[in-house]
There are 2 protein chains.
Amino acid sequence: MSEPVICGISYADFIIRVEEFHGYRSPGILLGGFMLDAALQDVGTTPYLNVVTETVVCLPDAVQLLTPCTVGNGFLQIFDWGKFALTAYDRMTLSGTRVWLNYDSLSRYGLIREWFERSDRTNEKPPFEELAQEILQAGRQLICYRPVRLHRALKDTQPVPTGRCSKCGEFYPLRHGSACPSCQGNAYYDYQTAGSQSARHDE
Amino acid sequence: MSEPVICGISYADFIIRVEEFHGYRSPGILLGGFMLDAALQDVGTTPYLNVVTETVVCLPDAVQLLTPCTVGNGFLQIFDWGKFALTAYDRMTLSGTRVWLNYDSLSRYGLIREWFERSDRTNEKPPFEELAQEILQAGRQLICYRPVRLHRALKDTQPVPTGRCSKCGEFYPLRHGSACPSCQGNAYYDYQTAGSQSARHDE
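Residues numbered from 1 in each chain as written. Chains lettered and ligands numbered in written order. Predicted model: local features only at pLDDT ≥ 70, side-chain atom pairs only at ≥ 80, totals over all residues.

A few words on the overall build of chain A. The helix and strand tally for chain A stands at 6 helices and 10 strands. Taken over C-alpha atoms, the radius of gyration comes to 21 Å for chain A, far larger than the 17 Å a tight globule of 203 residues would show. Along the first, second and third principal axes, the C-alpha set of chain A runs to 65 × 45 × 35 Å. The buried share of chain A, reckoned over its 203 residues, is 41%. Here the analysis covers contacts within chain A between residues at least 6 apart in sequence; of these, 61% occur between residues at least 24 apart. (Helix = DSSP H or I, 4+ residues; strand = E, 2+ residues; numbered from the N terminus. Rg over C-alpha atoms; globule rule 2.2 N^0.38 Å. Buried ≥ 20, exposed ≤ 12 C-beta atoms within 10 Å, placed from the backbone. Contact = placed C-beta atoms within 7 Å.)

Have a look at this one:
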């Protein structure tokens, strides 16, 4: 088998990049690479590429490794739906391609099926190299893809009015209401008050 | 002024990495670098570093550039609150440090204030080099930070029961209800039916 190429990068180089960015070799990112490869080929060349992933797991890192789209630059949107699917599209035309797992094909690929069905469990490490070989052999048989049109642009393009929160004094988008999300009861933290009530800042 | 260092990386190298990953030089990521620098110093060395950002804009990319935490590996969580703040914490102890903008200091830094107040508008490019110089000079005067304790771990550590959606046939976490989020009316796309109703997959 000749060296596989994923979105224009050799498999060997891709795996190194995955380890550097994601922290370890990930079957989900390898599979995501094949999904992106199909989607990008279908969408064609565009300077206005955006991607949506329908899970927070693995796929966002495949996108950030293989495309110019990142969370922080707003060209990658993430829905926390737990679905192993993504859509690449042109943000000017809103036309694109959605790709998802071809679950019916998994019966032919025992390791992949085992990995996919176990991927939501912790502390179970699949044998990466064997699994990767199966993914590389199966390739696009593992995925389905279909052209889509987005209902609307997913990134705010209009100015977002902001103001200071009357409780914490920090800026927030006023669309959240009369206080920021944290002061409305969604805070994920408590301040530790040992020593001083006041925030530290270096003068 | 000696070469500034941000999370152990020289300013020059940092800006190159920002351009490569984020696509352009970003004042928000530079400021995020200072915020992370303060938070990581306060949290101290830990193999269990997690980060939360309270905005999808810029800060997630600072985290992914400067720490091992990414969206896809689950060590970076993102709340879409529009608040320019982040928390670095140890996921074993749930203790950490929250960092946010010291808005009261901005009156002394005209370019930064102008950038921050305009950052939600499109098509207005601030003069990056001048702005960056002001950020580098101001440094930690721009931020406040304070120890926090998280209410709970933010990443699922238990298996998530999944099943096939009765409508689309794709797998999803059953906690969403009797159909996947997309089939419950949240789909962001319509399939284009030109030619064939069926999905393509390469055999």
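What follows covers the relation of the copies chain B and chain A. In the superposition of chain B on chain A (RMSD 0.0 Å, axial shift 0.0 Å), the rotation amounts to 180°. Between the two chains, the operation in question is that of a two-fold axis. If distances are taken from each C-alpha of chain B to the rotation axis, the shortest is found for Val-71 of chain B, at 4.2 Å. A shared interface surface links the copies, since 100% of the contact residues of chain B are contact residues in chain A too. (Least-squares fit on C-alpha atoms with pLDDT ≥ 70 in both.)

Residue and element names in this part refer to chain B. Of all the 6 residues making up strand E5 (residues 85–90), 5 are buried; the element is thus mostly covered by neighbouring parts of the structure. Strand direction decides the pairing type here: strand E3 (residues 49–53) and E5, joined by 5 bridges, are antiparallel. Bridge pairing links Asn-50 to Tyr-89 in E5. Bridge count for E5 against strand E6 (residues 95–101) is 5 bridges, and the pairing is antiparallel. Bridge pairing in E6 places Ala-85 opposite Trp-100. Counted between consecutive antiparallel strands, the loop separating E5 from E6 contains 4 residues, among which Leu-94 sits at a positive phi close to 65°. (Pairing = 2+ DSSP bridges.)

We now examine the sheet that holds strand E5 (residues 85–90) of chain A. Within a beta sheet, neighbouring strands are joined by backbone hydrogen bonds and run either parallel or antiparallel to one another. Strand order across the open sheet formed by 6 strands is E4(A)-E3(A)-E5(A)-E6(A)-E7(A)-E10(B), with mixed pairing between neighbours. In this open sheet, the two edge strands, each paired with only one partner strand, are strand E4 (76–78) of chain A together with strand E10 (189–191) of chain B. Averaged over neighbouring strand pairs, the angle between their axes works out to 30° when direction is ignored. (Axes fitted to C-alpha atoms, helices over the stretch in contact; angles between N-to-C directions.)

Residues and elements named next belong to chain B. Burial runs high along E6: 5 of the 7 residues are buried. As defined by bridge partners, E6 adjoins strand E7 (residues 143–150) across 7 bridges and the pair is classed as antiparallel. Paired with Thr-97 across the two strands is Pro-147, which belongs to E7.

Topologically, Cys-168 of chain A is positioned in the loop between strand E8 (162–164) and strand E9 (171–173). Through-space distance from the C-alpha of Cys-168 of chain A to that of Cys-180 of chain A is 8.2 Å; in sequence the pair is 12 residues apart.

Moving on, we get to helix H2 (residues 27–43) of chain B. All names here are of chain B. For H2, built from 17 residues, the straight-helix expectation of 24 Å at 1.5 Å per residue is met to within 8% by its first-to-last C-alpha distance of 24 Å. Across the 17 residues that make up H2, a large majority, 15, are buried. One or two residues past the end of H2 sits Gly-44, with phi positive at roughly 80°. (Expected span 1.5 Å × (residues − 1).)

Glancing now at the sheet that holds strand E10 (residues 189–191) of chain A. Spatial strand order, E10(A)-E7(B)-E6(B)-E5(B)-E3(B)-E4(B): 6 strands in an open sheet with mixed pairing. In this open sheet, the two strands that pair with only one neighbour each are E10 of chain A together with strand E4 (76–78) of chain B. With direction set aside, neighbouring strand axes in the sheet form an average angle of 30°. In this sheet, E7 of chain B lies alongside E10 of chain A in antiparallel orientation, the contact comprising 3 bridges. When the bridges of E7 of chain B are listed, Tyr-191 of chain A appears paired with Val-148 of chain B. In this fold H2 of chain B packs onto E5, E6 and E7 of chain B, with an angle of close to 25° to the strand it touches most, E5 of chain B.

Our next topic: the interface of chain B and chain A. Opposite the 62 residues of chain B that make contact, chain A presents 62 residues. For the side of chain B that touches chain A, the elements supplying multiple residues, two or more each, are helix H1 (11–22), helix H3 (59–66), E5, E6, E7, strand E9 (171–173) and E10 of chain B. Here the residues of the side of chain B that touches chain A sort into 33 nonpolar, 16 polar and 13 charged. (Nonpolar A, V, L, I, M, F, W, Y, C, P; charged D, E, K, R; others polar.)

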